[in-house]
Amino acid sequence: MNKRAGAGFYIFLVIFVFLVMFPFIWVFLTSIKPVGEIFTSFKWFTSNPTTESYEAAVTNRPLMRYMLNSFVVSTVTTVLAVGCAAFAAYAVTRLPIKGKGLFLGVVLAASMFPQVAVISPIFNIVTELGLRNSYTGLVIPYMTISLPLSIWILSTFFQKIPFELEESAKLDGASPFQTFRKIILPLATPGIFTTAILVFIAAWNEYLFALTINSDDVWRTVPVGISMYQSEYSVPWGDISAATVIVTIPIVILVLIFQRRIVSGLTSGSVKE
C-alpha cells in the first residue's frame, strides 16, 4: 500500500534542492547586480538589475569562441570515446575472450590516475606531434580520461542484456558484428546516452589539460577562458558570474532534453531480470 510523503519529506526536499542550487543562484544574482554593488553590498537581490556584466563578458573576451572550442572538443571526444568503448565493452562482456576480468581491472585502474600524474608525458607527446593549440591536441588527452570510464560503464549495461537474444541471432546466422549492431546496440541505447552525457560534461568542464596544451587564446576552452577574465590587479566578478551563467545554459538544456534517457540509463542497470 502506497503511503503519501509527509510534510517533513517536502521540507527536507526543499532544503536539499536549495543547498544544491545555491551556488548557481548566487552566481546568477551576482551577474545581474551593478558592478558597484558586488563589492559594497551583501544583499541577495538588487534594486537595479542590469545586464552590463553579460555585455562585458561577451565583448571583453571571446566567450563565444571559447564555447565553440569546448563544443567541438567535447563532441568529438564523446563520439570517439563512446564509439570505441561500445566495441570494447561488447567484446569483453559478450565474446569468449580470456582475461576479461583482468582487462576491466586495468581499465578501471587507468581511470583512477590523477591528471597531474600524466600531464607531463601527454604534453611531451602532443608537442612532439605538433598538435598544441589545436582541437586534436585536446581530444587525445581527453580520450585517456573518458575512454576507460566509458568502457567500464557500458560493460555494466551490456552484461544486463540476456544472452538468449544473442544465441538466437547466432542460430539465425548473424555474425558478431550484426548481433552487436541489430540487437545489443539498440537495447543498450539508454546506457549509451547516459555515458555520452557524462563524457560530454566531463570534457566540457576539463581544465588542466586545456590550460597546459592550448595556450593560445583562440584555442582556449570555456573553463580556461573564464579563468583568464581576471587581471593582475582586479577580478571582474560580475563578468565571471555572467560568463558562468552563459556557459552553463547549454549543459542545462542538454540534460533537460535527454533527462528521460539519462534516468532510464541510470536505473536500467539496477533492475535484474
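Residues numbered from 1 in each chain as written. Predicted model: local features only at pLDDT ≥ 70, side-chain atom pairs only at ≥ 80, totals over all residues. Heavy atoms only, no water.

Turning next to unusual backbone geometry. Of note, N133 is a non-glycine position whose phi angle comes to about 55°, a positive value. Relative to the assigned elements, N133 resides in the loop between α6 (115-128) and α7 (135-159). For N133, a relative accessible area of 23% puts it in the partly exposed group. (Helix = DSSP H or I, 4+ residues; strand = E, 2+ residues; numbered from the N terminus. Buried < 20%, exposed > 50% of the residue type's maximum accessible area, 1.4 Å probe, protein only.)

Our focus in this paragraph is the nonpolar core. Of all hydrophobic cores here, the largest spans 21 residues; its most connected members are L63, V222, Y229 and V247. For this core, the elements supplying multiple residues, two or more each, are α3 (52-59), α4 (63-94), α10 (189-205), α12 (222-227) and α13 (237-257). Sort the elements by how many residues they give to this core and α13 lands first, with eight residues. In contact with V247, other than residues within four places in its own chain, are L63, M67, W204, V222 and I226. Formed by 17 residues, the second largest nonpolar core is a distinct cluster that contains V82, I151, L154 and I161. (Core = buried A, V, L, I, M, F, W, Y, C linked by side-chain atoms within 4.5 Å. Contact = heavy atoms within 4.5 Å.)

When pLDDT is averaged across the protein chain, the result is 82; 91% of the residues are at 70 or more. Within the protein chain, helix α14 (residues 259-268) has the poorest average pLDDT of any element, 60, and helix α11 (residues 208-213) the best, 91. Low confidence marks residues 269-273, where pLDDT is under 50. Its contacts with residues over four positions away, or in another chain, come to three contacts. (pLDDT = per-residue confidence, 0-100.)

With that settled, the discussion passes to the packing of aromatic side chains. Following the criterion strictly, the structure yields six aromatic pairs and no others. Ring plane angle 55° and centroid distance 5.8 Å describe the contact between F18 and F22, whose orientation is recorded as tilted. Separated by four residues within a single helix, F18 and F22 lie in helix α1 (residues 7-31), roughly one turn from each other. Judged by its relative accessible area of 38%, F18 is partly exposed. Since its relative accessible area comes to 32%, F22 is described here as partly exposed. Pairing F200 with W204 gives two aromatic rings, centres 6.0 Å apart and planes at 25°, and the pair type is stacked. Placement of both F200 and W204 in helix α10 is noted, with a separation of four residues, approximately one turn of the helix. Look at F200 and you get buried, because its relative accessible area is 12%. Judged by relative accessible area, W204 falls into the buried class, the value being 5%. (Phe/Tyr/Trp six-rings, centres within 6.5 Å; stacked < 30°, edge-to-face > 60°.)

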